[in-house]
Amino acid sequence: LWVVLILVIISSVGRELAFGDSISVVTPKIVTVGSIKSIHQAKERNVKIDLDTALYESREIALKIASEDLDLWKSNIMKKVDDPKNNNDFLDWYFGYWTQQEFGIDGVKSWLNNRFDKNSPTAKEKIQETVRQEFTHRVLRPEIAKLEIKNIARKISQVYSNELQKKLSKIRIRYNVPQSEWNSYLESLTVLITDFSGRQVSQNLKVITIGTMGSSAVIAKGSLLAFEKVTAKIGAKAVSKAAASITAKVGAFTGSEFLGPGATVAVLVWDAIDIHKTEVENRPILKQNIENYFDEMTKDILKDEQNGIQKVILDLESNIKNGITASHFPFLPL
């Protein structure tokens, strides 16, 4: 018996040395339904945070490229305003000798017409209309500009869709969700958007992320509305600033209804002598005013509170977030 007891003790010590406390009782971990639910909710929160981050990062990338593209567009437009390599730009026309003479002659004609017909344009109105038409023809060309802005907007829509698609794919991989289940989830997220004709249509997130008509149309529509909002002010902005930026002699042209024909003729004589000095002094001022106008235009296209590219993407993002908040993730593993 003593021998058996000693062997048992030795065996126990050996097991302790090899495996630790071999005689301790392991209590099984009990996972309650409540704890399973908490784990699942925590994973849902993590996924939603990741989705929110994906939306934010996609928006920032799209807006950065939009800003760069609009700056490039503005730079190309400004070459039509004043380009050292082009002798036929807008400012060359505006400060040209014969253009200046035409302003003065139009001032006299308009002054005389307005004396007999108060409904006819004043000299200032006539010259502003001439400048507006030439500015539109030489620089802005609204129909071409609309097409260019529309193409930029569609490109930004594609950038946004592509970025969102890539980031959503990374989330799927991160949480080891099967592609079919992930697609079903994205298809279940319904987003209301306004299409190019102004109608509200329902799209699912999967469709939007592959860059079909949804986001592309709504961003393009908003951009064109912002563009039209600013170009409608062209007479009040670029042209009026032009009139405010020219020299006293051209001011006399546009104000000849107050100075009279005699003063206008005197101004024309002065103009023949002083035209070069006038251009040197005032060309940079008028160029800066027009550039400021285009800065305002690109800013509105990007950030207008009602129709800008940023607002359209934010609205789309908000709709997606609402769908995500109301959704559930039954495919998440515990």
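Predicted, not measured: the structure shown is a model, and the values here were computed from it. (Residues numbered from 1 in each chain as written. Predicted model: local features only at pLDDT ≥ 70, side-chain atom pairs only at ≥ 80, totals over all residues. Heavy atoms only, no water.)

### Some thoughts on the overall build of the protein chain
Part 1 of the argument: Across its full length, the protein chain carries 14 helices and 2 strands.
Part 2 of the argument: Going through the 334 residues of the protein chain one by one, you find that 43% of them count as buried.
Part 3 of the argument: Here the contacts in the protein chain between residues at least 6 apart in sequence split such that 77% fall between residues at least 24 apart.
Part 4 of the argument: A total accessible area of about 18300 Å² is found for the protein chain, and carbon and sulfur atoms account for 58% of it. (Helix = DSSP H or I, 4+ residues; strand = E, 2+ residues; numbered from the N terminus. Buried < 20%, exposed > 50% of the residue type's maximum accessible area, 1.4 Å probe, protein only. Contact = heavy atoms within 4.5 Å. Areas by Shrake-Rupley, 256 points an atom, 1.4 Å probe, with all protein chains shown as cover.)

### As for unusual backbone geometry
Part 1 of the argument: Its identity is not glycine, yet Arg 141 carries a phi of approximately 45°, on the positive side.
Part 2 of the argument: Tracing the sequence through the fold places Arg 141 in the loop between helix 5 (123–140) and helix 6 (142–174).
Part 3 of the argument: Of the residues examined, Arg 141 reaches a relative accessible area of 37% and is grouped as partly exposed.
Part 4 of the argument: The backbone phi angle of Asn 176 is positive, close to 55°, even though this residue is not glycine.
Part 5 of the argument: Looking at the secondary structure, you find Asn 176 in the loop between helix 6 and helix 7 (179–188).

### Re the packing of aromatic side chains
Part 1 of the argument: Within this structure, the stated rule accounts for 10 aromatic pairs.
Part 2 of the argument: An angle of 65° between the planes, with centres 5.1 Å apart, marks the rings of Tyr 293 and Phe 294 as edge-to-face. The burial state of Tyr 293 is the same as that of Phe 294; both residues are buried.
Part 3 of the argument: One aromatic cluster in this structure is built from Trp 73, Phe 90, Trp 93, Tyr 94, Phe 95, Phe 135, Tyr 293 and Phe 294. (Phe/Tyr/Trp six-rings, centres within 6.5 Å; stacked < 30°, edge-to-face > 60°.)

### Remarks on the environment of Ser 184
Part 1 of the argument: Residue position: Ser 184 is located in helix 7.
Part 2 of the argument: By relative accessible area, Ser 184 is classed as partly exposed at 45%.
Part 3 of the argument: Between the C-alpha atom of Ser 184 and that of Lys 206, which follows or precedes it by 22 residues, the distance is 8.7 Å.

### Focus on the nonpolar core
Side chains of a nonpolar character, in soluble globular proteins, are inclined to be buried together.
Part 1 of the argument: Counting 54 residues, the largest nonpolar core has Phe 90, Ile 290, Phe 294 and Ile 320 as the members making the most contacts within it.
Part 2 of the argument: At the level of elements, helix 2 (33–81), helix 3 (90–94), helix 5, helix 6, helix 7, helix 9 (213–231), helix 13 (261–303) and helix 14 (309–325) are the ones that each hand at least two residues to this core.
Part 3 of the argument: A total of 12 residues in this core trace back to one element, the largest contributor, which is helix 2. (Core = buried A, V, L, I, M, F, W, Y, C linked by side-chain atoms within 4.5 Å.)

### A word on the packing of helix 6 against helix 7
Part 1 of the argument: At their nearest, the axes of helix 6 and helix 7 sit 11 Å apart, and the two run at 130° to each other. The angle between helix 6 and helix 7 falls in the class oblique. Here helix 6 runs over helix 7; the crossing is right-handed. Every residue of helix 7 that contacts helix 6 at Leu 168, Ile 171 and Arg 172 is listed here: Gln 179, Trp 182 and Leu 186. (Axes fitted to C-alpha atoms, helices over the stretch in contact; angles between N-to-C directions. Parallel < 35°, antiparallel > 145°, perpendicular 65-115°, else oblique. Left-handed = near helix turned anticlockwise from the far one by under 90°.)

### Some remarks on the packing of helix 6 against helix 14
Part 1 of the argument: Packing of helix 6 against helix 14 brings their axes to within 12 Å, and their N-to-C directions diverge by 35°. Judged by the twist between their axes, the crossing of helix 6 over helix 14 is right-handed. Contacts between helix 6 and helix 14 involve Ile 156, Tyr 160 and Leu 164 from the former and Ile 309, Ile 313, Leu 316, Glu 317 and Ile 320 from the latter.
Part 2 of the argument: Split into classes, the residues belonging to the contact of helix 6 with helix 14 amount to 7 nonpolar, no polar and 1 charged. (Nonpolar A, V, L, I, M, F, W, Y, C, P; charged D, E, K, R; others polar.)

### A few points about the pattern of salt bridges
Part 1 of the argument: This structure, assessed with the given rule, holds 19 salt bridges.
Part 2 of the argument: Between Arg 59 and Glu 60 there is a salt bridge, with its nearest N and O atoms 3.3 Å apart.
Part 3 of the argument: The partly exposed category is assigned to Glu 60, whose relative accessible area is 35%. (Salt bridge = Lys/Arg side-chain N within 4 Å of Asp/Glu carboxyl O.)

### Some remarks on helix 5
Part 1 of the argument: Along its 18 residues, helix 5 runs 24 Å from first to last C-alpha, staying within 8% of the 26 Å computed at 1.5 Å per residue.
Part 2 of the argument: Those residues of helix 5 not exposed but buried are Ala 123, Ile 127, Thr 130, Val 131, Glu 134, Phe 135, Thr 136, Arg 138, Val 139 and Leu 140.
Part 3 of the argument: Arg 141 occupies a position one or two residues after helix 5 and carries a positive phi of about 45°. (Expected span 1.5 Å × (residues − 1).)

### Points about the environment of His 137
Part 1 of the argument: Looking at the element boundaries, His 137 is found in helix 5.
Part 2 of the argument: Its relative accessible area of 54% is what places His 137 among the exposed residues.
Part 3 of the argument: Between the C-alpha atom of His 137 and that of Phe 90, which follows or precedes it by 47 residues, the distance is 9.3 Å.

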